[in-house]
Amino acid sequence: VQLVESGGGLVQPGGSLGLSCAASGFTFSSYAVKWYRQAPGKERELVAGIANVGAITIYPDAVKGRFTISRDNGKNTVYLQMNSLKPVDTAVYYCCADKRLWGTCDYWGQGTQVTVSS
């Protein structure tokens, strides 16, 4: 089982960045996928989630309207488009797979660093 995040990097405030999460080794279309982030000294927090067939998505207020999660089950990949980025969005971003959108993740990726700074 593998989840591999990519697309992180350095971006200026107000800029955009797209992350990808490529899955293998399990039945991807049977799992919801979520993105979490963790900044230094802070607890991990959910930033987006998408149900297994993509009809339902969830976002916390902190990112609603700026972040968009989507998935392509044919490519076993989930995407996170992040717009209007702020310095507070700086964190390591992780994707995870969960049998239920509001459950506990079964599989995790290794994370990708996103830094928002001028």
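Located above this text is the structure these notes cover.
Residues numbered from 1 in each chain as written. Predicted model: local features only at pLDDT ≥ 70, side-chain atom pairs only at ≥ 80, totals over all residues. Heavy atoms only, no water.

Chemist: Account for the nonpolar core, with residues named and values stated.
Modeler: By size, the foremost hydrophobic cluster in this structure holds 28 residues, and its most contacted members are Trp35, Phe67, Val78, Leu80, Met82 and Tyr93. Setting aside its immediate chain neighbours within four residues, Val78 contacts Leu19, Ser20, Cys21, Phe28, Val33, Trp35, Ile50, Ile69, Ser70 and Arg71. (Core = buried A, V, L, I, M, F, W, Y, C linked by side-chain atoms within 4.5 Å. Buried < 20%, exposed > 50% of the residue type's maximum accessible area, 1.4 Å probe, protein only. Contact = heavy atoms within 4.5 Å.)

Chemist: How would you summarise the pattern of salt bridges if you had to cite specific residues and measurements?
Modeler: As a working rule, side chains carrying opposite charge can pair if their charged atoms are close by. Per the stated rule, a full pass over the model turns up five salt bridges. Arg37 is the partner of Glu45 in a salt bridge, and the nearest nitrogen-oxygen pair spans 2.6 Å. For Lys64, the salt bridge goes to Asp61, with nearest N and O atoms at 3.5 Å. Judged by relative accessible area, Asp61 falls into the exposed class, the value being 67%. Shared partners join several salt bridges into a network, and the residues in it are Arg37, Glu45, Arg66 and Asp89. (Salt bridge = Lys/Arg side-chain N within 4 Å of Asp/Glu carboxyl O.)

Chemist: A description of the environment of Val1 should follow, citing residues and the corresponding values.
Modeler: Topologically, Val1 is positioned in the segment before strand S1 (2-6). Classification of Val1 as exposed rests on a relative accessible area of 57%. Put simply, Val1 and Gly25 are 24 residues apart on the chain and 4.2 Å apart in space, counted from C-alpha to C-alpha. Excluding residues within four positions of it along the chain, Val1 makes contact with Ser24, Gly25, Phe26 and Tyr107. (Helix = DSSP H or I, 4+ residues; strand = E, 2+ residues; numbered from the N terminus.)

Chemist: So, the environment of Tyr36: which residues are in play, and what are the values?
Modeler: With respect to the element layout, Tyr36 can be found in strand S4 (residues 32-38). Classification of Tyr36 by relative accessible area gives buried; the value is 16%. Linking Tyr36 and Tyr93, residues 57 residues apart in sequence, is a C-alpha distance of 5.7 Å. Discounting chain neighbours no more than four positions away, the residues touching Tyr36 are Arg44, Glu45, Leu46, Val47, Val92, Tyr93, Tyr94, Cys96, Cys105 and Trp108.

Chemist: Before we move on, can you summarise the state of the cysteines with the specific residues and values?
Modeler: If you walk through the whole model with that rule in mind, you get two disulfides. The side chain of Cys96 participates in a disulfide bridge whose partner is Cys105; the two sulfur atoms lie 1.9 Å from each other. Taking relative accessible area as the criterion, Cys105 reaches 12% and is therefore assigned buried. The connectivity of the disulfides in the protein chain is 1-2, 3-4, where the numbers refer to bonded cysteines in sequence order. (Disulfide = S-S within 2.5 Å.)

Chemist: Describe in detail the packing of aromatic side chains, supporting the description with residues and values.
Modeler: Under the definition given, this model contains five aromatic pairs. Aromatic side chains Tyr31 and Tyr107 sit 5.7 Å apart centroid to centroid with 45° between the ring planes, which places their arrangement in the tilted category. With Tyr31 in the loop between strand S3 (17-24) and S4 and Tyr107 in strand S10 (residues 107-108), the pair connects residues that are 76 residues apart, well separated along the chain. Judged by its relative accessible area of 9%, Tyr31 falls in the buried class. Among the residues examined, Tyr107 registers a relative accessible area of 25% and is labelled partly exposed. The ring centre of Tyr36 lies 5.5 Å from the NZ or CZ of Arg44, which sits over that ring. Sitting above the plane of the Phe28 ring, Arg71 keeps its charged end 4.4 Å from the centroid. (Phe/Tyr/Trp six-rings, centres within 6.5 Å; stacked < 30°, edge-to-face > 60°. Lys NZ or Arg CZ within 6 Å of the ring centre and 35° of its normal.)

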